[in-house]
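# Report on the structure
Here is how the chains run, residue by residue.
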Amino acid sequence: NAQENLSMIENAKKILKNEAESEKSVINYQMQNLFLYEKDSYDTAEKIIDLIKKGADFSVKNDIGDTYLMIAARKNMNIVCKEVLQHLSEYREDFLENNVKFSFDSQNEDGENLLMIFTKRGNKELVEVFLDSSNSTHALYQTNKFNKDVYSFAKDYGRKEIIQALDIYKEKLTKKIESRL
């Protein structure tokens, strides 16, 4: 009888696991469709954030290594990028809360990170939102496969306003660090 009970419990666990995996696939499919086919709007951003809260896998990359936010940045989905970045800043990168796995430092196959893409597109507002949300300097110093960092992109594309925003951010972080010493 005890063996039967254990067997039934194990079977129930398998069924629940399969159900959860099936639901997760549906959520991930919905997430992908929102980034690929929806328009840039607060409504789209809210739907994405809701799926993140439900456990959508945010670490998914396409065939060239772009994350969902990189795809959104390339599509000029500024509202979505801003709202989702601000939401993601609530999660610690080293802690999988609700299975949210996201890194502000993620790079695609060319070595570009999200900050580089925002810089190339000349979107100062999203550069600032990224910096405020990430609270990190790592993305500033990452280089792509041609050994270019975000400053190089800003210079190459004539983005003086972004260079200024990057410098202001570095100053803020330096002051924050000095105040702790």
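A brief look at the structure comes next. (Residues numbered from 1 in each chain as written. Predicted model: local features only at pLDDT ≥ 70, side-chain atom pairs only at ≥ 80, totals over all residues. Heavy atoms only, no water.)

## Description of the packing of aromatic side chains
One pass over the structure, following the stated rule, counts four aromatic pairs. For the pair Phe-104 and Phe-130, a centre-to-centre distance of 5.7 Å together with 80 degrees between the ring planes defines the contact as edge-to-face. Remark: Phe-130 occurs in helix α6 (residues 124-134) and Phe-104 occurs in the loop between α4 (78-88) and α5 (114-120); sequence separation between them is 26 residues. Here Phe-104 and Phe-130 have matching classes, each one buried. Relative to Phe-130, the ring of Phe-118 has its centre 6.5 Å away and its plane inclined at 75 degrees; by these criteria the two rings are edge-to-face. (Phe/Tyr/Trp six-rings, centres within 6.5 Å; stacked < 30°, edge-to-face > 60°. Helix = DSSP H or I, 4+ residues; strand = E, 2+ residues; numbered from the N terminus. Buried < 20%, exposed > 50% of the residue type's maximum accessible area, 1.4 Å probe, protein only.)

## Side note on unusual backbone geometry
One non-glycine residue, Asn-76, adopts positive backbone phi at about 60 degrees. Checked against the element boundaries, Asn-76 lands in the loop between α3 (68-74) and α4. The partly exposed category is assigned to Asn-76, whose relative accessible area is 42%. Phi is positive for Asn-147, which is not a glycine, with a value near 65 degrees.

## Quick notes on the side chain of Gln-142
You can see Gln-142 is positioned in the loop between α7 (138-141) and α8 (150-156). Residue classification places Gln-142 among the buried positions, given a relative accessible area of 7%. At 2.7 Å, the side chain of Gln-142 and the backbone oxygen of Asp-105 are in polar contact. One polar contact links Gln-142 to Gln-107, side chain to side chain, over a distance of 3.3 Å. (Polar contact = N/O pair within 3.5 Å; in protein donor to acceptor, adjacent residues only side chain to side chain.)

## Remarks on the side chain of Asn-108
For Asn-108, the location among the structural elements is in the loop between α4 and α5. Residue class for Asn-108 comes out buried when judged on its relative accessible area of 8%. Polar contacts involving the side chain of Asn-108 include one to the side chain of Asp-66, which spans 2.8 Å. At 2.9 Å, the side chain of Asn-108 forms a polar contact with the backbone nitrogen of Asp-110. Not counting the four nearest positions on each side in its chain, Asn-108 is found in contact with Ile-64, Gly-65, Asp-66, Met-70 and Arg-74. (Contact = heavy atoms within 4.5 Å.)

## Describing the packing of helix α2 (residues 42-53) against α4
Between two packed helices, what matters for the description is the angle formed by their axes and the separation of those axes. Where α2 contacts α4, the axes come no closer than 8 Å and their chain directions differ by 30 degrees. In terms of their interaxial angle, α2 and α4 are classed as roughly parallel. Our pair here, α2 against α4, has a crossing hand that is right-handed. Here Tyr-42, Thr-44, Ala-45, Ile-48, Ile-49, Ile-52 and Lys-53 of α2 come into contact with α4, specifically with Ile-79, Val-80, Glu-83, Val-84, His-87 and Leu-88. Of the residues in the contact of α2 with α4, the class split is nine nonpolar, two polar and two charged. (Axes fitted to C-alpha atoms, helices over the stretch in contact; angles between N-to-C directions. Parallel < 35°, antiparallel > 145°, perpendicular 65-115°, else oblique. Left-handed = near helix turned anticlockwise from the far one by under 90°. Nonpolar A, V, L, I, M, F, W, Y, C, P; charged D, E, K, R; others polar.)

That is the geometry; function is a separate question.
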